[in-house]
Amino acid sequence: VAGKADKITVKLNDGREFDAKLVGADSHSDVAVIKIEADNLPTLPFGDSDNLRVGEWVLAFGNPFGLSHTVTAGIVSAKGRSGVGITDYEDFIQTDAAINPGNSGGPLINLNGQVVGINTAIFSKSGGDMGIGFTIPINMVKVIHDQLIAHGEVTRGYLGVNIQDLTPELAKSFGLKDKKGILVADVVKDSPADNSGIKRGDVILKMNNNDVVDAGKFRNQIALI
């Protein structure tokens, strides 16, 4: 919404309008930071999207079909959605709170009034809401936000491996009790992984003392370092 705009205008609920400056945009995650010069601005606190639970009630705010300042309610339908094909780095919160064209960029808010995500897209066969909306988790946004403010762009971590999820058959062949972790299918020569001793056929079980669940989430975590 903001990344390719020639002119950005912010309109508040009290009727005030401001010209905004684009601080930075990251097309790989679909997140941008804009800035306005004004006094007495309303703000919302950030929540912790990692603590969201499936089934928890949330509210989506936005401007669907030009109907400004609209709020809809729903629940967190799922977490960690990737492979949707919307952005390069996906870890979406899925919600059934109605998100329609015009809601992009609006906040997803928990019942404590904290922003837990930025609404970005829907799955739809009709062009309207079908109960499947996707939201960028605010914990991912925080890291990108800080880098955009500091540098105007995002620099992502790089390990230098090709990875794949463990199937039950692969886990059994490696003598693992379950299929937690990911398999290193290949290592790029002279990459950080290669220089640190990671080998093809290794299974990565933890990163920073956290269990590695799947390849998509691991890729996102490396990128945000």
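Before reading on, note that the structure itself is shown above.
This report concerns the structure included in the present document. Predicted model, so just to flag it, every value in this text is computed and none were measured. (Residues numbered from 1 in each chain as written. Predicted model: local features only at pLDDT ≥ 70, side-chain atom pairs only at ≥ 80, totals over all residues. Heavy atoms only, no water.)

1. Here we look at unusual backbone geometry
For step 1, the next point in the chain: Backbone geometry places Phe65, a non-glycine residue, at a positive phi of 55°.
For step 2, the next point in the chain: For Phe65, the location among the structural elements is in the loop between β4 (57-62) and β5 (70-81).
For step 3, the next point in the chain: Residue class for Phe65 comes out exposed when judged on its relative accessible area of 55%.
For step 4, the next point in the chain: Positive phi, normally seen in glycine, also occurs at His69, with a value near 55°. (Helix = DSSP H or I, 4+ residues; strand = E, 2+ residues; numbered from the N terminus. Buried < 20%, exposed > 50% of the residue type's maximum accessible area, 1.4 Å probe, protein only.)

2. Some details on the environment of Asp146
For step 1, the next point in the chain: Note on placement: Asp146 falls in helix α1 (residues 138-151).
For step 2, the next point in the chain: The spatial distance from the C-alpha of Asp146 to the C-alpha of Asn220 is 16 Å, given a sequence separation of 74 residues.

3. Description of the sheet that holds strand β12 (residues 203-204)
For step 1, the next point in the chain: Judged by pairing direction, the sheet is antiparallel, and its three strands sit side by side in the order β10-β11-β12 without closing on themselves. One side of each edge strand has no neighbouring strand; the edge strands of this open sheet are β10 (161-165) and β12.
For step 2, the next point in the chain: Two strands pair when backbone bridges link them, and β10 and strand β11 (residues 182-187) are joined in this way by five bridges, in the antiparallel orientation. When the bridges of β11 are listed, Val161 appears paired with Val187.
For step 3, the next point in the chain: Sheet contacts for helix α4 (residues 215-223): β10, β11 and β12; angle to β10, the most-contacted strand, approximately 145°. (Pairing = 2+ DSSP bridges. Contact = heavy atoms within 4.5 Å. Axes fitted to C-alpha atoms, helices over the stretch in contact; angles between N-to-C directions.)

4. Description of the packing of aromatic side chains
For step 1, the next point in the chain: In this structure the tally under the stated criterion is one aromatic pair.
For step 2, the next point in the chain: Here the aromatic rings of Phe92 and Phe134 are separated by 5.7 Å at their centres, their planes lie at 45°, and the arrangement is tilted. Taken together, the positions of Phe92 in strand β6 (residues 92-95) and Phe134 in strand β9 (residues 133-137) put the pair 42 residues apart, joining distant regions of the chain. Of the two residues, Phe92 and Phe134, neither departs from the other in class, the shared state being buried. (Phe/Tyr/Trp six-rings, centres within 6.5 Å; stacked < 30°, edge-to-face > 60°.)

5. Thoughts on the sheet that holds strand β3 (residues 31-35)
For step 1, the next point in the chain: Spatially, the three strands line up as an open sheet ordered β1-β2-β3, and their pairing is antiparallel. The two strands at the open ends of the sheet, each matched to only one other strand, are β1 (8-11) and β3. Taking each pair of neighbouring strands and ignoring which way they run, the sheet shows an average axis angle of 50°.
For step 2, the next point in the chain: With four bridges connecting them, β1 and strand β2 (residues 17-26) associate as antiparallel partners. In the sheet register, Val10 faces β2, and the bridge partner there is Phe18.

6. Some thoughts on the pattern of salt bridges
For step 1, the next point in the chain: All chains considered together, the criterion is met by five salt bridges.
For step 2, the next point in the chain: Of the charged contacts, one joins Lys7 and Asp19 as a salt bridge, the two residues approaching to 3.0 Å between their closest N and O atoms. Within this pair, whereas Lys7 is found in the segment before β1, its partner Asp19 is found in strand β2, the two being separated by 12 residues in sequence. No difference in accessibility class separates Lys7 from Asp19, as the two residues are exposed.
For step 3, the next point in the chain: Asp14 serves as the salt-bridge partner of Arg16, at 2.9 Å between the closest nitrogen and oxygen. (Salt bridge = Lys/Arg side-chain N within 4 Å of Asp/Glu carboxyl O.)

7. Overview of the side chain of Ser49
For step 1, the next point in the chain: Relative to the elements of secondary structure, Ser49 occurs in the loop between β3 and β4.
For step 2, the next point in the chain: The buried category is assigned to Ser49, whose relative accessible area is 4%.
For step 3, the next point in the chain: Looking at Ser49, its side chain comes within polar contact range of the main-chain nitrogen of Ile138, at 3.5 Å.
For step 4, the next point in the chain: A distance of 3.1 Å separates a polar side-chain atom of Ser49 from the backbone nitrogen of Asn139. (Polar contact = N/O pair within 3.5 Å; in protein donor to acceptor, adjacent residues only side chain to side chain.)

8. Topic: the environment of Asp194
For step 1, the next point in the chain: Within the secondary structure, Asp194 sits in helix α3 (residues 192-195).
For step 2, the next point in the chain: Along the primary structure Asp194 and Leu159 are separated by 35 residues, whereas in three dimensions their C-alpha atoms are 8.6 Å apart.
For step 3, the next point in the chain: In contact with Asp194, other than residues within four places in its own chain, are Val187, Val188 and Lys189.
For step 4, the next point in the chain: Side-chain polar atoms of Asp194 contact the backbone nitrogen of Asp190, separated by 2.8 Å.

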